[in-house]
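Working through the structure, step by step
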Amino acid sequence: QVQLVESGGGLVKAGGSLTLSCAASGSFFSINAMGWYRQAPGKQRELVAVVTSGGGTKYADSVKGRFTCSRDNTKNAVYLQMNALKPEDTAVYYCNAEVRHRLGWTTLYWGQGTQVTVSS
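It should be emphasised that the depicted structure is a prediction, and the values quoted were computed from it without experimental measurement. Just so you know, the residues in each chain are numbered from 1, in the order the chain's sequence is written. In keeping with the model being predicted, local features are shown solely for residues with a pLDDT of at least 70 and side-chain atom pairs are shown and tallied solely at 80 or more, while totals for entire chains, interfaces and linings include all residues. Water and hydrogen atoms play no part in the side-chain values, which are based on all heavy atoms of the structure.

Some words on the sheet that holds strand 1 (residues 2-7)
- At least two DSSP bridges between two strands are needed for those strands to be called paired. Where helices and strands are cited, they refer to DSSP runs of H or I of at least four residues and of E of at least two residues respectively, numbered from the N terminus. Taken together, four strands build an open sheet; the order of strands is 1-3-8-7 and the sheet is antiparallel. Pairing within the sheet leaves two strands with one partner each, and these edge strands are strand 1 and strand 7 (67-72). Pairwise comparison of adjacent strand axes, ignoring direction, gives a mean angle of 15 degrees for this sheet.
- By the bridge criterion, six bridges tie strand 7 to strand 8 (residues 77-82) in an arrangement that is antiparallel. Bridging from a neighbouring strand, S70 pairs with Y79 of strand 8. Geometry is summarised by axes, namely lines fitted to C-alpha atoms with helices restricted to the contacting stretch, and by angles between N-to-C directions that run from 0 to 180 degrees.

Structure, rendered in structure tokens:
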């Protein structure tokens, strides 16, 4: 079983910064892409950022230039540095990881979610 544990959410004023962390634990062979999604009340879950095993990144247009997604493969961890936060960034943030198991198949796992609230 693989678990993703997130931390770092909270309440911040507009213009402030937060860093989210997510670490994978359990039994697996490797991790392909890791990323962050968010879901605001009444809205669908949307991609925020993703980072491949090689370090390539992709961002939602709404966060480009403000958020930075990175990973530490030695710790099986992914991070989301969020700067210049806006009230519209308020959401529950979920990390995910595409895990490759020893027999070759892959599974997408999700963290439990962490609340980010940006006040105006």
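After that view, the rundown keeps rolling.
Regarding the packing of aromatic side chains
- Between the rings of Phe, Tyr and Trp (Trp by its six-membered ring), a pair exists once the centres lie within 6.5 Å; its type follows the angle of the planes, with under 30 degrees stacked, over 60 edge-to-face, and the other angles tilted. The final tally for this structure, using the stated rule, is one aromatic pair.
- Relative to W110, the ring of Y37 lies with its centre 5.1 Å away and its plane at 65 degrees, an arrangement referred to as edge-to-face. Highlighted residues: Y37 in strand 4 (residues 30-39) and W110 in strand 10 (residues 106-110), separated in sequence by 73 residues.
- Burial status follows relative accessibility: with a 1.4 Å probe on protein chains alone, a residue under 20% of its type maximum counts as buried, one over 50% as exposed, and anything between as partly exposed. Residue Y37 is classed as partly exposed on the basis of its relative accessible area of 24%.
- By the criterion adopted, a ring carries a charge over it if an Arg CZ or a Lys NZ lies within 6 Å of its centre and within 35 degrees of its normal. Residue placement shows R45 over the ring face of Y94; its charged tip is 3.8 Å from the ring centre.
- For R45, the ring lying beneath its charged end belongs to W110, and the centroid distance is 4.7 Å.

Remarks on the side chain of R66
- Mapped onto the secondary structure, R66 falls in the loop between strand 6 (57-59) and strand 7.
- From its side chain, R66 meets the backbone oxygen of S62 in a polar contact 2.8 Å long.
- For R66, the side chain forms a polar contact with the side chain of D89, separated by 2.8 Å. Throughout this description, a polar contact denotes any pair of N or O atoms lying within 3.5 Å of each other; where both atoms belong to protein, one of them has to be capable of donating a hydrogen while the other can accept it, and for residues adjacent in sequence the pair is counted only when both atoms sit in side chains.

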